[in-house]
Amino acid sequence: MSDINVKPDLAIAMRGVTKIFGPDPEGALALLRAGKSKAEVQAETNHVVGLDNVSLDIAAGQIFVVMGLSGSGKSTLIRHVNRLIEPTAGEILVHGDDVLKMSRDQLRAYRRSKVAMVFQKFGLLPHRSVIDNVAYGLEVRGVGRKERLETAAKWIETVGLAGYEGSRTRQLSGGQQQRVGLARALSMDSDIILMDEAFSALDPLIRSGMQDQLITLQKSLNKTILFITHDFDEALKIGDRIAVLKDGAVQQEGKPEDIVLRPANDHIEEFVREVNKARAIHVRSIMQRGATEPCEQSVSMDARCEDVLPLFAEHLWVGVVDGDGNQIGRVTAKQVIKALARHTPGVG
């Protein structure tokens, strides 16, 4: 355990994590801490700042999205969680355990049981069948063949690939290959899943379907998912919370609607300028709470305005229900339109 105090519901806590690539990272770190920018450090030392004093709290059961442009440090960040990259400075706690203090054996056990990773390029073994690819992590863990194949078959069916168990991965489409990668991660039954640009290589329609499937699976699995993307719309769609990186530093972190509706600086403002605001605003933030007459049409309080808008073609208002299906209020077309107008430049 670490001496750092962290909330008990945190799955991952990063404190002051900095990574500098080059032969003398400590010298470059001194310049960075003295106030030099990433560009200045690189110009003076020929060292690259991958991460700059990153601190994040990621709650258990949350889809936490880290996004940014190419070179922002997001892929470097995710590789620190399973210690594929060693930081120059900082601490990383996973369920209270200091990852950086783990021995080689402890780290091997941690990677096999606590975290699973889904890669952008799928990372599949072309000489193995689908079911053997999905079962591979369990094989490395030492699980017997019968048990690992039964587990793999269950997850293959869960991700919609039943019937492809004996196929070679090269016979599958890109979307199907990504489902194999997801099934492999899920079969490990790890508390934490790391997804590095997992859907970026897919065609838009397939990508949207994978996002939908991830959201659906998360409702029942309740995993902690750290998801990396460069696509703001993707971040808004799947993220419970979002952190935006630039030059290795966190520019803003918060709920999707906070970032879209209250951008912290010009960089974030540029990101959100063309964003569909209806995707960011949740019903819970604009609904009318309290007893109302029942409505034949209802939505979850966690629904986004884009999910509600089509319903107003037939209803002036719809009921809002909690997680148990109890109606706790309503939302009207007027409320949604007013919220969208308030956060759209030149409207309202």
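Presented here is an overview of the structure given in this document. Note that the structure is a prediction, hence the values are computed from the model and not measured. (Residues numbered from 1 in each chain as written. Predicted model: local features only at pLDDT ≥ 70, side-chain atom pairs only at ≥ 80, totals over all residues. Heavy atoms only, no water.)

Attention now moves to empty space enclosed by the protein. Think of a ball as big as a water molecule: rolled over the atoms, this probe shows where empty space is left. The tally for this structure, following the rule as stated, stands at 1 cavity of 30 Å³ or more. The volume enclosed by the largest cavity comes to roughly 50 Å³. Together, L182, L186, I193, M195, L214, L217, Q218, L221, K223 and I225 line the largest cavity. Of all the secondary structure elements, the ones that give two or more residues to the lining of the largest cavity are α8 (174–187), β7 (192–196) and α9 (204–221). Element by element, the count of residues in the lining of the largest cavity is highest for α9, at 4 residues. (1 Å grid on protein atoms, 1.4 Å probe; cavity = no way out; pocket = protein on both sides within 12 Å on 5 of 7 lines; lining within 4 Å. Points joined across faces, edges and corners; volume = space filled by probe spheres on them. Helix = DSSP H or I, 4+ residues; strand = E, 2+ residues; numbered from the N terminus.)

All right, on to the packing of α8 against α9 then. The N-to-C vectors of α8 and α9 enclose an angle of 20°; their axes lie 11 Å apart at closest approach. The orientation of α8 with respect to α9, classified from their angle, is roughly parallel. Helix-helix and strand crossings are classified by hand; for α8 and α9 the assignment is right-handed. Judged by residue contacts, G175, Q178, R179, L182 and L186 of α8 engage I206, M210, Q213, L217 and L221 from α9. For the contact of α8 with α9, a count of residues per class yields 6 nonpolar, 3 polar and 1 charged. (Axes fitted to C-alpha atoms, helices over the stretch in contact; angles between N-to-C directions. Parallel < 35°, antiparallel > 145°, perpendicular 65-115°, else oblique. Left-handed = near helix turned anticlockwise from the far one by under 90°. Contact = heavy atoms within 4.5 Å. Nonpolar A, V, L, I, M, F, W, Y, C, P; charged D, E, K, R; others polar.)

This part takes up the sheet that holds strand β1 (residues 10–21). Reading across from one edge, β2-β1-β4-β5 is the order of the 4 strands in this open sheet, with antiparallel pairing throughout. Edge positions in the sheet fall to β2 (48–59) and β5 (97–98), since each of these pairs with one other strand and no more. Bridging between β1 and strand β4 (residues 89–94) involves 5 bridges; their strand directions are antiparallel. Of the residues in β4, the one forming a bridge with M14 is I92. Most of the contacts of helix α1 (residues 25–33) go to β1, to which it runs at about 105°, and overall it touches β1, β2 and β4. (Pairing = 2+ DSSP bridges.)

Going through the model one piece at a time under the given rule, you end up with 17 salt bridges. For D105, the salt bridge is made with R108, and the minimal N-O distance between the two is 2.9 Å. With D105 and R108 both in helix α4 (residues 104–113) and 3 residues apart, the pair spans about one turn of that helix. Classification of R108 by relative accessible area gives partly exposed; the value is 37%. Notably, a salt bridge pairs D132 with R145, separated by 4.0 Å at the nearest N-O pair. Of this pair, D132 sits in helix α5 (residues 130–134) while R145 is found in helix α7 (residues 145–158), placing the two residues 13 residues apart along the sequence. Residue R145 is classed as partly exposed on the basis of its relative accessible area of 49%. A network of salt bridges, in which partner residues are shared, links R207, D231 and E234. (Salt bridge = Lys/Arg side-chain N within 4 Å of Asp/Glu carboxyl O. Buried < 20%, exposed > 50% of the residue type's maximum accessible area, 1.4 Å probe, protein only.)

This paragraph deals with the packing of α1 against helix α2 (residues 38–45). Close contact between α1 and α2 brings their axes to 10 Å; oriented N to C, the two are set at 140°. By the angle between their axes, α1 is oblique relative to α2. Note on packing geometry: the crossing formed by α1 with α2 is right-handed. Two secondary-structure elements touch here, α1 through A28, L31 and L32 and α2 through V41, E44 and T45. Across the contact of α1 with α2, the residue classes break down as 4 nonpolar, 1 polar and 1 charged.

This model, assessed by the stated rule, comprises 2 aromatic pairs. Summarising the aromatic geometry, the rings of F232 and F271 are spaced 5.8 Å apart at their centres and angled 25° between planes, so their arrangement reads as stacked. Remark: F271 occurs in helix α12 (residues 266–272) and F232 occurs in helix α10 (residues 232–238); sequence separation between them is 39 residues. Both residues of the pair, F232 and F271, count as buried. Taking the ring centre of F21 as reference, the NZ or CZ of K19 above it sits at 5.2 Å. (Phe/Tyr/Trp six-rings, centres within 6.5 Å; stacked < 30°, edge-to-face > 60°. Lys NZ or Arg CZ within 6 Å of the ring centre and 35° of its normal.)

With that settled, the discussion passes to the side chain of Q213. Position of Q213 relative to the elements: it lies in helix α9. The exposure class of Q213 is buried, given its relative accessible area of 14%.

A few words now on the layout of surface pockets. Size it by volume and the largest pocket reaches roughly 740 Å³. Along its surface, the largest pocket is lined by 20 residues, and I215, K219, D240, D302 and R304 are the ones closest to its centre. Put simply, the parts of the chain that give the lining of the largest pocket at least two residues each are α9, α10 and α14 (305–308). Quantified by volume, the second largest pocket comes out at close to 510 Å³. Taken together, 16 residues form the lining of the second largest pocket, with R111, M117, F119, Y136 and G137 sitting closest to its centre. Residues belonging to the lining of the second largest pocket are distributed by class as follows: 10 nonpolar, 3 polar and 3 charged.

What follows concerns the nonpolar core. Among the nonpolar cores identified, the biggest contains 68 residues, and M195, F227 and F232 are the most heavily contacted of them. In contact with M195, other than residues within four places in its own chain, are I78, V118, L182, L214, I225, L226, F227 and I228. (Core = buried A, V, L, I, M, F, W, Y, C linked by side-chain atoms within 4.5 Å.)

No statement about biological role is implied by the geometric values presented.
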